[in-house]
Amino acid sequence: MKLTQRTLLVVGATSGLGRELVRQLLQRENRVIAFSRRAGALAEDPDFRGKGGLLLHPGDVRRPEDIARLGEFLQREAPDLDGVFYCAGVSRPDFVEAPDLARTLDTIRVNFEGAVRLIDLTLPGLRRRPEAVLAGFTSMAAVRGMPRGGAYCASKAALERYLDCLRIDLYGSAIRVITIAPGYVATPMSAQNRFPMPGIWPVERGVRHVLACIEAGHDIIRFPWYHAWGMTLLSWLPDRVYWWLAHRYRTQVRIQPQAHDEFQWPVEP
Ligand SMILES: NC(=O)c1ccc[n+]([C@@H]2O[C@H](COP(=O)([O-])OP(=O)(O)OC[C@H]3O[C@@H](n4cnc5c(N)ncnc54)[C@H](OP(=O)(O)O)[C@@H]3O)[C@@H](O)[C@H]2O)c1
């Protein structure tokens, strides 16, 4: 499916991959609805100010009332919606030494439950289109458990499996269900990480790659290839060897909270 002159919804559009996706989709003459809590900030952003084809709709994927408002907005402004990109996500560590149930559940709500809500909202309309795309950002972290990654890995793995099931149920239909599993891409999320991220890609390159792969007909997009290979090798390790190695690495997993996050944690508890 060509991603030009379409009407597309980007969820999680304020920063990082979602923001860049909006930018590149607008360059390709699409109409884009940008949904996220701070989506209004794009109106002040020099890259977007005065851009035709951009509709900003602030809202929170955790709030059913915001999703319902988005539904009314789409019915009014974009009844011809051709595609959805679910990029909303948060990356927060979990510490067995200092658990925070509220933070763990909130991460699952944004990364997984929000995606399910958005799919529920938009799938009936997408099914009426002659061609449509439904894409979700998961992560390489969905492949195996990662140290201090309980909520993040589990929510991404849940989304991968959910998309996989949808792909089965919609097989042969006009909707393409696409899983996008990045490795490290330079965004505000990866800037939280206080550990080495070898082979990190610039965000422009990541999004260009994703759009090219979708147009080339790929349904599962894992990049960079060397990160995908590395994860495959890890998945072949005997479980006990992998658990031992990952356990040894756990104190290296240092993630700084984003300044605007309502949850905070010490970088080294
Ligand atoms: N960057 C990487 O290396 C990497 C690697 C693997 C996977 N990913 C995945 O790629 C996706 C994009 O990540 P990114 O790196 O671009 O991160 P980012 O720059 O932190 O962007 C996250 C986006 O999610 C939105 N968001 C967060 N909470 C939300 C909520 N409650 N409701 C609505 N929107 C919300 C944010 O907007 P507001 O704060 O304005 O709501 C922001 O636009 C995420 O799903 C992430 O897990 C990224």
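Since the model is a prediction, treat every value here as computed from it, not as a measurement. (Residues numbered from 1 in each chain as written. Predicted model: local features only at pLDDT ≥ 70, side-chain atom pairs only at ≥ 80, totals over all residues.)

Please clarify how unusual backbone geometry should be interpreted in this entry.
Leaving glycine aside, a negative phi is the common case for residues, and trans is the common case for peptide bonds. That bond from Phe223 to Pro224 is cis: its omega, -15°, falls within 30 degrees of zero. Examined against the element boundaries, Pro224 turns out to sit in the loop between strand 9 (220-223) and helix 6 (225-236). At Gln5, a position not held by glycine, the phi torsion is positive, near 55°. By the element assignment, Gln5 lies in the segment before strand 1 (7-11). Looking at Gln5, the number of C-beta atoms within 10 Å reads 11, which means it is exposed. With phi around 55°, Arg148 is a residue other than glycine that occupies positive phi space. Tracing the backbone through its elements, the reader meets Arg148 in the loop between strand 5 (132-137) and helix 4 (150-169). Judged by local crowding, Arg148 falls into the buried class, with 22 C-beta atoms found within 10 Å. (Helix = DSSP H or I, 4+ residues; strand = E, 2+ residues; numbered from the N terminus. Buried ≥ 20, exposed ≤ 12 C-beta atoms within 10 Å, placed from the backbone.)

Can you walk me through the UniProt feature "domain: Ketoreductase" (unreviewed entry) in the chain in this structure?
When the UniProt feature table is mapped onto this chain numbering, "domain: Ketoreductase" (unreviewed entry) sits at residues 6-181. For residues 6-181, the helix share is 41%, the strand share is 19%, and the end-to-end C-alpha distance is 23 Å. (UniProt positions renumbered as here; feature names shortened; annotations may be inferred.)

Just to check I follow, could you spell out the sheet that holds strand 5 for this structure?
Across a sheet, paired strands are connected by hydrogen bonds in the backbone, their directions being either parallel or antiparallel. Read across the open sheet, the seven strands follow the order 3-2-1-4-5-6-9; overall the sheet is parallel. Each edge of the open sheet carries a strand with a single partner, namely strand 3 (54-58) and strand 9. The average undirected angle you get between the axes of adjacent strands in this sheet is 15°. Examined bridge by bridge, strand 4 (residues 83-86) and strand 5 share four bridges and lie parallel to one another. Its bridge partner being in strand 5, Tyr86 is matched across the sheet by Gly136. (Pairing = 2+ DSSP bridges. Axes fitted to C-alpha atoms, helices over the stretch in contact; angles between N-to-C directions.)

Sorry, what's going on with the nonpolar core here?
Within the largest apolar cluster, 58 residues are counted, with the highest numbers of intra-cluster contacts made by Val10, Val11, Ala34, Phe85, Tyr86, Cys87 and Leu134. For Ala34, the contacting residues outside a window of four places in its chain are Val10, Ala13, Val22, Ala39, Leu42, Leu54, Leu56 and His57. (Core = buried A, V, L, I, M, F, W, Y, C linked by C-beta atoms within 7 Å. Contact = placed C-beta atoms within 7 Å.)

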